[in-house]
Amino acid sequence: MAWLELSGVDVALGKREVLRGVSAEIGAGEMVVVVGPNGAGKSTLVRALAGLVAPRAGTIRVLGHDPARGARRTIARELAYLPQAYSLAFPFAVAEVVLLGRYARQSGLGTASAADLEAARAAMTACDVLHLEARPFDELSGGEARRVLLAQALCQGAKCVLLDEPTAGLDPAHARRVFQVVRAHCDGGATAVVVTHDLDLALRWGGTMWLVADGRLAARGTPADVLGSAATRAAFGVAVHVGALPSGEKFAVPL
Amino acid sequence: MTRGFVTGGRGTRRAVVLLGCLALAAGLALLALVLGVSLDGHLELLGSDALAPDTMAHTLLWIRVPEVLGALLVGGALAGAGCALQALLRNPLAEPFTLGISSGSSLAAVIAIRLGLEGALGGIGVGGAALVGAVVTLVVVSQLGRVGRTLPPATLILAGVTISGFCSAASVLIQSTSGLAETSRMLRWMLGGLDSMRLVTVGYAAIPIGAGLLVLGAYARELDALAAGTEAAASVGVSVGRTQIVVFGVASLLVGAAIALAGPIGFIGLIVPHAVRALIGPAHRALIPASVLAGGALLVACDTLARLVVSPVLLSTGAVTAVLGAPFFVVILMKQKRRAAMWS
C-alpha cells in the first residue's frame, strides 16, 4: 500500500496556479528527494502533503487520511513537517522547541513523559544538538537551528517525514549527516520526502528523485537518471554531470 | 534556565519562582489588609484588636477584605489574559487595550451610566454592561480581523486599534453631552479602582475568572506551539482554529470580568507576563500560573499605594498602574526596535 498518495493534484495559491496534475505514490521505507529550480512548486508540494494548503483539484492521502481535512492531532502522529522558515515569538530553549514535536503524543497538561524525553534525546543526539539543549533557540546559528528543527520533526515519531530544505545553511559535514540520519530513518521503515538544492547529496543518499519544474512533476526515477536527463537540463538551464570517483562514490556537478 | 531538561535533573528555578509569586501574593494581601494611615498622617498597622468584633480596627479590616480579594482576582485575570493574548497574537505588546476590548467595555459602561442603569440588576448594572461590552467588542473585532477560519495577528491588531479608536471617541462624545454629575461618575469609573467593592460581587466574579484561568492553563501546550506560528503549530498537531477561538473568547471574558469589577486598569496584562517570562522563560505551563499570582500581587500593591501615598486622598488605582506601566511599555518598545534593527 502506498503511504503517501497524490492523484491529479492541482494547487493554487490565491489566483496563481502553482501545481498542476501531480500524481505520484510513495511506499514504506522510500526516501524521495525533490529537486527543481526556485519557484517551481517544491515547497507547495510538501505543504500540500502536510495538509497546510488544500488542493484545488485531485486528492492527497497520507496513510489513508486527507491531511487538509483530518484532525490535526491524528495527522501529526503520521506525518512530521520541517518548514523552510521558522521563527519563534518568545525565547524558548532548544529542548523545549524539540519537545514541541511530541505534542500529538501527549495528553492532558502535556507534562513530558519518560518516552517523550527519550525520543527527544535520541533525535537530538542523531542531529548533533544535544549539547545545545539549554540554549535559547533564537540565539542559534542558522545551521544549528535547522538541525534542532530536524530533531523536532524526527522525535514526533511519525511514519512520514516531510523536510523542506533541511540542509540549507549547513556545513558539509552536518549536511551529509542530515541525509545519513534521514536514510537511517527510512531504513527503519519510515518514509521521507526531502526538498533540496544539494544535488550531490541527493544523488548519493536519495532513493527516488522527483524533478519539479513549472508546477509539474517533470521527471521521476533514480537520482542518477533524473539528474542526467534532458528534463533536468531544461528545468535548471544548466546540464548536470553525474560521474564517479575512483573509489566508486558518485558525484554530481552542474556544468 | 532549563538546563538538563532532556538529559535529566531539571532545574528547580520554575518551582522556586512559582512559590515565590505565591508567597508574594499572600504576603502583600495580608499586609494590604492591616496597613493603613492614621489621621495624623503616619503609616500604621492594624493591631490585634482587628480580630475582636465591635472595634474600629475590625470594621476597617472588613472593609478592606473585599478590596484586597478583588485586587487579587482582577490582577490575576488581567495578567493571565495578557499571557494568552500575547501568545495567540505572537506579539509581546498585545494587551486588552491594544485589542480594543477595554475601550469597548468602557463605552458600554459609559452608556449604562448615561442611561441611568447603575442600580439595575441589583446594583451590578454598570459592571454587567462592561462585561457585555467586552464580549461584543470581541465578536466585532474577531469578525473584522478574521481571514477564513484563522485570526492573523496583523489584521486582528488593526481591527482592535480601529474599534478602540471608535469606542474612545464615542465615549468622549457621550461624556460631553452628559450632565456634570453623570460626567464625573463616568470619569471616576473610567479611572479604575477597587474601593467600595462588595464581598458578594467579588464572590460572583470569582467563578468565571477562576474557570477562565483554568481553561487558559489547560491550553498551555497549544500556546507554546503557537509561538512558532499557526502553520508550525498545526503541523505538530494543534487544532489552531479551535485554540484561537477558545483562548481569545476566554481571555476576553477574563478582561470583561476584570473591567466589570474594577474599571479599565491598564498595563497589568503587559508588565506581568513580560517580567515573569524574563525570570522563568516562555513555557506557558509555568508562565500562566506564575503570572496570575504576580498579577494579583502587583495590583494589590498598586491599590495599596493608591490608598496610602497621599492619604487620606484616594488615588485612582488605574492611574497608579498606568504611571508604572507606560515607562515599562516604552522599554519593551525600545527592545523591539533594537531587535528589528538587528534584522534589517
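Sequence order as written defines the numbering, with residues in each chain counted from 1. Chain letters and ligand numbers both follow the written order, the letters beginning at A and the numbers at 1. In keeping with the predicted nature of the model, local features appear solely for residues at pLDDT of at least 70, side-chain atom pairs appear and are counted solely at 80 or more, and the whole-chain, interface and lining totals rest on all residues. Derived side-chain values reflect all non-hydrogen atoms in the structure, with water molecules and hydrogen atoms excluded from consideration.

J.: For this particular structure, what's the right way to read the overall build of chain B?
T.: Looking only at helices and strands, chain B features 14 helices and two strands. By residue count, 51% of the 344 residues in chain B fall in the buried class. The long-range fraction of contacts in chain B, counting pairs at least 24 apart against all pairs at least 6 apart in sequence, stands at 73%. Summed over its atoms, the accessible surface of chain B is roughly 15,300 Å², and 73% of this surface lies on carbon and sulfur atoms. We count a stretch as a helix when DSSP gives it H or I for four or more residues in a row; a strand needs E for two or more, and each element gets its number in order from the N terminus. Three labels apply to residues, based on accessible area from a 1.4 Å probe with only protein chains included: buried if under 20% of the type maximum, exposed if over 50%, partly exposed otherwise in between. Residue contacts follow a heavy-atom distance rule, with two residues in contact if any of their heavy atoms lie within 4.5 Å. Accessible surface area values rest on a Shrake-Rupley calculation with a 1.4 Å probe, where residue burial reflects the displayed protein chains alone.

J.: Is there a simple way to explain the overall build of chain A in this structure?
T.: The number of helices and strands found in chain A is nine helices and 11 strands. As defined in this context, the radius of gyration uses C-alpha atoms, and a globule is described by 2.2 Å times the residue total to the power 0.38. Taking 255 residues into account, the globule formula puts the C-alpha radius of gyration at 18 Å, and chain A, at 18 Å, falls close to it. By principal-axis analysis of the C-alpha atoms, chain A measures approximately 55 × 45 × 35 Å. A burial count over chain A gives 54% of its 255 residues as buried. Long-range contacts, defined as pairs at least 24 residues apart, comprise 63% of the intrachain contacts of chain A with a sequence gap of at least 6. Summing over all exposed atoms, chain A offers an accessible surface of approximately 10,100 Å²; the carbon and sulfur share of this is 52%. With 26 positive and 24 negative side-chain charges, chain A shows a spacing of 5 Å between the two charge centroids. By the counting rule applied here, Lys and Arg register as positive and Asp and Glu as negative, while His and the ends of each chain are not counted. Lysine's charge is taken at NZ, arginine's at CZ, aspartate's at CG and glutamate's at CD.

J.: What's the story with the environment of A26 of chain B in this structure? I'm lost.
T.: Residue and element names in this part refer to chain B. With respect to the helices and strands, the residue A26 is situated in helix α1 (residues 13–34). The class of A26 is partly exposed, set by a relative accessible area of 41%. Between the C-alpha atoms of A26 and A154, which are 128 residues apart in sequence, the distance is 39 Å.

J.: In this structure, what is going on with the pairing of strand β11 (residues 250–254) of chain A? I would like to understand it.
T.: The side chains of a regular strand alternate between both faces of the sheet. Residue and element names in this part refer to chain A. Should DSSP find at least two bridges between two strands, the strands are regarded as paired. The pairing of strand β10 (residues 240–244) with β11 spans five bridges and is antiparallel. By the bridge assignment for β11, V242 is matched with A252. Hairpin connection, β10 to β11: the antiparallel pair is bridged by five residues, and G248 has positive phi, about 100°.

J.: In this structure, what is going on with the interface of chain A and chain B? I would like to understand it.
T.: It is common to give the size of an interface as the accessible area that goes away when the parts come together. Each partner contributes to the interface: chain A provides 38 residues, whereas chain B provides 34 residues. In total, chain A and chain B occlude about 3,200 Å² of area from one another, counting both sides; carbon and sulfur atoms represent 60% of this. Accessible area that two parts lose when put together, with a 1.4 Å probe and added across both, is what the buried area reports. Summed over the three residues of chain A that lose the most area to chain B, namely F90, L100 and Y103 of chain A, the buried surface amounts to 22% of that side. Definition used for salt bridges: Asp or Glu carboxyl oxygen within 4 Å of a side-chain nitrogen of Lys or Arg. A salt bridge links E96 of chain A to R14 of chain B; the shortest N-O distance between them is 2.5 Å. Under this definition, polar contacts are N or O atom pairs within 3.5 Å; protein pairs additionally need one hydrogen-donor-capable and one acceptor-capable atom, and for neighbouring residues in sequence, both atoms have to be side-chain atoms. Along the contact surface separating chain A from chain B lie 10 residue pairs in polar contact (both at pLDDT 80 or more).

J.: Whenever I open this one, a nonpolar patch on the surface confuses me. Can you help?
T.: Within this analysis, patches are made of residues with over 30% relative accessible area and no salt bridge. Like charges are joined at 9 Å or less; nonpolar side chains (Val, Leu, Ile, Met, Phe, Trp, Tyr) at 5 Å or less. Taken together, L305, V309, V310, V313 and L315 of chain B make up a surface patch of nonpolar side chains, about 400 Å² in accessible area. Residue classification places L305 of chain B among the partly exposed residues on the basis of a relative accessible area of 42%.

J.: For this particular structure, what's the right way to read the packing of helix α5 (residues 125–145) of chain B against helix α11 (residues 240–262) of chain B?
T.: When two helices pack together, their arrangement is given by the angle between their axes and by how far apart the axes lie. Residues and elements named next belong to chain B. With axes taken as lines fitted to C-alpha atoms, and helix axes fitted only over the stretch in contact, angles between N-to-C directions fall between 0 and 180 degrees. At a minimum axis separation of 8 Å, α5 and α11 run at an interaxial angle of 150°. Comparing the axis directions of α5 and α11 gives the class roughly antiparallel. Classified by chirality, the crossing of α11 by α5 is right-handed. Here G127, A130, L131, A134, V135, L138 and S142 of α5 come into contact with α11, specifically with F248, G249, S252, L253, G256, A257, I259 and A260. Angle categories are assigned with fixed cut-offs, so that under 35 degrees is roughly parallel, over 145 is roughly antiparallel, 65 to 115 is roughly perpendicular, and the rest are oblique. Two helices cross in a left-handed way if the nearer one is turned anticlockwise from the farther one by less than a right angle. They cross in a right-handed way if the turn is clockwise.

J.: Which parts of the structure should I look at to understand the sheet that holds strand β4 (residues 57–62) of chain A?
T.: Either a parallel or an antiparallel arrangement is found when strands of a sheet pair, and the pairing is made through backbone hydrogen bonds. All names here are of chain A. Taken together, three strands build an open sheet; the order of strands is β2-β1-β4 and the sheet is antiparallel. With partners counted over all chains shown, the strands left at the sheet margins are β2 (16–26) and β4, one partner each. Averaged over all pairs of adjacent strands, the angle between strand axes in this sheet comes to 25°, irrespective of strand direction. Bridge count for strand β1 (residues 4–13) against β2 is seven bridges, and the pairing is antiparallel. Residue pairing across strands places V9 opposite V22, the latter belonging to β2.

J.: Where do I start with unusual backbone geometry in this structure?
T.: Residues apart from glycine generally show negative phi values, whereas peptide bonds are mostly found in trans. Positive phi is not limited to glycine here, since L63 of chain A has a value of about 50°. Its place among the elements puts L63 of chain A in the loop between β4 and α2 (72–78). With phi around 75°, F267 of chain B is a residue other than glycine that occupies positive phi space. Inspection of the secondary structure assignment puts F267 of chain B in the loop between α11 and α12 (268–280).

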